[in-house]
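Structure assessment
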Amino acid sequence: MNAYEIAKEKYREYGIDTEAAIERLSSVPVSIHCWQGDDVSGFDSPASLSGGIQATGNYPGRARTPEELMADMEKVFSLVPGKKKLNIHACYAIFEEGEYANRDELLPKHFSAWVDFAKRHGVGIDFNPTFFSHPMVKDNLTLSSPDEEVRAFWVRHGKACLKIAEYFARETGVECVINFWIPDGYKEIPADRLGPRARFKKSLDEILSTPYDKSLVYVTLESKVFGIGLESYTVGSAEFCLSYSTKAGITPLMDNGHYHPTEVVSDKISSLLLFNEKIALHVTRSVRWDSDHVVILDDETREIAKEIVRNDALDRVFIALDYFDASVNRIAAWTVGARNMQKALLMALLTPSSEFKAYQDKADYTRMLVMSEEMKTMPFGEVWEEYCKREGNPAGREWFDEVLEYEREVLTKR
Ligand code: RNT
Ligand code: ZN
């Protein structure tokens, strides 16, 4: 018996079918964010990163062009097992020589190279309008700006992006999740909290009045607690975004870096599942604040995965990664985070959840505690390796050798 066969037997003793787990995992898409590759720089504007978010570090090899970013993502795709999606931002528009379109004039054709890329890799595309790093962000405000010209500009941007999202879905044949997140907020305690939120609401209503195919495009709305330099007030707060999503019939998105430090998204998922057909996640690692560190296989990532799996919601939760670390090899950062998300899902699939639920309902908390601790030392690694092997992706540390070679051959030459 090889190591996997032995592991399979061990899991079987707990009533877990490793084959079924592997099979299920391979069909769950994880959306890979292009912005890890270039520190959220984008291609459409020389403006530096703004909006209360920050990528820190200066590890060599940042992607500077569409070609470089696509080559890097291709490498990542080859190192991450399972089903993937490509997640891009509007600021990653690709213009022909001499061509330019402002954010409110973006068209599907400015993203055709991404569609080609996605088709080559057999993946769908998720999208994000970019409400930051742009001269039309006035006083840190976009869709909530009291300046009508500014607000209208960003409404046009949102509408243009909806059309592009629909184009992605049509071209790839895969539904497109388009996520709205605005950085709008105040550093100082505001004199008016209602006004900006009322304007944000009005702007979203205007954007969503654009007809779009709801079977192809899922609009999500991401809340936040605060941004750097915008500590006192965030227009798109949790209450605003949840209420708006419910009212407008769109999908709420939770980023696990966007809550107070002792709040956990794993505890919020069940509530949202009871009131929404679909929900969306930005999986990240926040260290003391919304620092967007690389996702590791920590307790919260595992707990998030457990909530999705044991509530039978793998088809109802859009899982996307959102972090940007410029202090380590970016290809490794991407790969580690994406593999960790998949590992967390596999661990969840290898947990006897219904038994654990039964212990809870019988108030047998002792057994629940003991058994869930026992699961932690099960031979998970063997099942993970088998999964990677079947997916045709490197297991163990082999993938890191490939990253090092890519660093030597490609990244250090940039
Ligand atoms: C910012 C939000 C948002 C961005 C990306 C780049 O705090 O998390 O999702 O990280 O859109
Ligand atoms: Zn996010």
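This write-up is about the structure you can find in this document. (Residues numbered from 1 in each chain as written. Chains lettered and ligands numbered in written order. Predicted model: local features only at pLDDT ≥ 70, side-chain atom pairs only at ≥ 80, totals over all residues. Heavy atoms only, no water.)

Description of the nonpolar core
Inclusion rule: Note on terminology: a nonpolar core comprises buried Ala, Val, Leu, Ile, Met, Phe, Trp, Tyr and Cys residues joined through side-chain atoms within 4.5 Å. Between buried and exposed lies partly exposed: a residue is buried under 20% and exposed over 50% of the maximum accessible area for its type, with that area taken using a 1.4 Å probe on protein chains only. Secondary structure counts use DSSP, requiring at least four H or I residues in a row for a helix and at least two E residues in a row for a strand, with both numbered from the N terminus. What makes two residues a contact is simply this: any of their non-hydrogen atoms within 4.5 Å.
Core analysis: the largest hydrophobic core is formed by 125 residues, its most contacted members being Leu86, Trp114, Phe127, Phe168 and Leu345. It is helix H10 (residues 330-349) that contributes the most residues to this core, 12 residues altogether. Among residues more than four places away in sequence, those in contact with Trp114 are Phe43, Leu69, Met70, Met73, Leu86, Ile88, Tyr92, Ile94 and Ile125. Residues Val177, Tyr218, Ala280 and Phe318 belong to the second largest nonpolar core, which totals five residues.

Considerations on the packing of H10 against helix H14 (residues 398-409)
Rules: What counts as an axis is a line fitted to C-alpha atoms, over the stretch in contact for a helix, and the angles between N-to-C directions run from 0 to 180 degrees. Between 65 and 115 degrees an angle is taken as roughly perpendicular, under 35 as roughly parallel, over 145 as roughly antiparallel, and anywhere else as oblique. Handedness of a crossing follows from how the near helix is turned relative to the far one, being left-handed for an anticlockwise turn of less than a right angle and right-handed for a clockwise one. Amino acid classes used here: Ala, Val, Leu, Ile, Met, Phe, Trp, Tyr, Cys and Pro are nonpolar; Asp, Glu, Lys and Arg are charged; the rest, including Gly, are polar.
Following both chains from N to C, one finds H10 and H14 inclined at 160°, their axes separated by 10 Å at the closest point. Comparing their axes, H14 and H10 come out roughly antiparallel. Of the two possible hands of crossing, H10 and H14 adopt the one that is right-handed. Here Ile331, Ala332, Thr335, Val336 and Arg339 of H10 come into contact with H14, specifically with Trp399, Val403 and Tyr406. Across the contact of H10 with H14, the residue classes break down as six nonpolar, one polar and one charged.

Considerations on the pattern of salt bridges
Pairs may arise between side chains of opposite charge once their charged atoms sit close together. Defined as follows: Salt-bridge detection follows one rule: a side-chain nitrogen of Lys or Arg within 4 Å of a carboxyl oxygen of Asp or Glu.
Counted by the stated rule, this structure contains 29 salt bridges. Where Lys306 meets Glu303, a salt bridge forms, and the shortest distance between an N and an O atom there is 3.0 Å. In this pair, Lys306 and Glu303 both sit in helix H9 (residues 299-310), three residues apart, roughly one turn of the helix. In this structure, the salt-bridge partner of Glu373 is Lys376, at a minimum N-O distance of 3.0 Å. Under the relative-accessibility criterion, Lys376 is labelled partly exposed at 48%. Bridged by salt links that share partners, the residues Lys8, Glu19, Glu386, Lys389 and Arg390 form one connected network.

Here we look at the site of ligand 1
Basically, it comes down to this: Near, as used in this document, describes a residue that has one of its heavy atoms within 4 Å of the molecule or strand being considered. Under the rule applied, a polar contact is a pair of N or O atoms within 3.5 Å (in protein, one hydrogen donor and one hydrogen acceptor; residues adjacent in sequence only if both atoms are side-chain atoms). Surface accessibility in these figures is a Shrake-Rupley result with a 1.4 Å probe; residues are shielded only by whichever protein chains are displayed.
In the vicinity of ligand 1, the contacting residues are Trp35, Ile53, His89, Trp181, Glu222, Lys224, Asp255, His258, His282, Asp290, Asp322 and Phe324. Within the side chain of His282, an N or O atom sits 3.2 Å from an oxygen atom of ligand 1. Side-chain polar atom of Asp322 to an oxygen atom of ligand 1: 2.8 Å apart, as the coordinates give it. Out of a free accessible area of 310 Å², ligand 1 has 100% covered by protein chains. Tallied by class, residues from the shell around ligand 1 come to four nonpolar, three polar and five charged.

Topic: the coordination of the zinc ion (ligand 2)
The test is simple: In this description, a donor is an N, O or S atom within 2.8 Å of the metal centre, a cutoff extended to 3.2 Å for sodium, potassium and calcium. Water is not part of the atom list, which can make sites seem incomplete. Think of it this way: with four donors and all angles in the 85 to 135 degree range, the site is tetrahedral; with four or six donors, opposite ones beyond 155 degrees and the rest between 65 and 115, it is square planar or octahedral; otherwise it is irregular.
Protein coordination of the zinc ion (ligand 2) is provided by Glu222 (OE), Asp255 (OD), His282 (ND1) and Asp322 (OD), with donor distances spanning 2.1 to 2.2 Å. Note that the zinc ion (ligand 2) binds six donor atoms; their angles at the metal cover 71 to 171°, and the shape is octahedral. Read N to C, the donor residues that coordinate the zinc ion (ligand 2) are spaced as E-x32-D-x26-H-x39-D. Residue Asp255 is found in strand S8 (residues 251-255), and its partner His282 is found in strand S9 (residues 279-283); the two are separated by 27 residues along the sequence. Exposure remark for Asp255: the relative accessible area of 0% places this residue in the buried category. Assessed through its relative accessible area of 4%, His282 is described here as buried.

Section: the environment of Pro394
Within the secondary structure, Pro394 is located in the loop between helix H13 (380-391) and H14. For the pair formed by Pro394 and Asn128, sequence separation is 266 residues and the distance between their alpha carbons is 31 Å. Ignoring sequence-local partners within four residues, the contact set of Pro394 consists of Ser78, Leu79, Arg339, Cys388, Trp399 and Glu402.

Here's the deal with the pairing of strand S10 (residues 317-321)
Successive residues of a regular strand alternate their side chains across the two faces of the sheet. Applied cut-off: Strands are treated as partners if at least two bridges between them are detected by DSSP. Orient the strands so they point away from the viewer, and a crossover whose first-strand-to-second-strand path over the helix runs clockwise is right-handed.
In terms of burial, S10 is largely enclosed, as five of its five residues are buried. Of the two faces of S10, the one carrying Val317, Ile319 and Leu321 and the one carrying Phe318 and Ala320 are both buried. Pairing geometry for S9 and S10, over five bridges, is parallel. Paired with Ile279 across the strands is Val317, a residue of S10. On the question of chirality, the crossover connecting S9 to the parallel S10 by way of H9 is right-handed.

What about the state of the cysteines?
Quick note on the threshold: When two cysteine sulfur atoms are found within 2.5 Å, that pair is recorded as a disulfide.
Counting across every chain of the model gives zero disulfides. Cys91 supplies the cysteine sulfur nearest to Cys34, a cysteine that is in no disulfide, at a spacing of 7.0 Å. Judged by its relative accessible area of 0%, Cys34 falls in the buried class. Here Cys241 is not cross-linked by a disulfide; its sulfur's nearest cysteine counterpart is in Cys161, at 17 Å. We classify Cys241 as buried; its relative accessible area is 2%.

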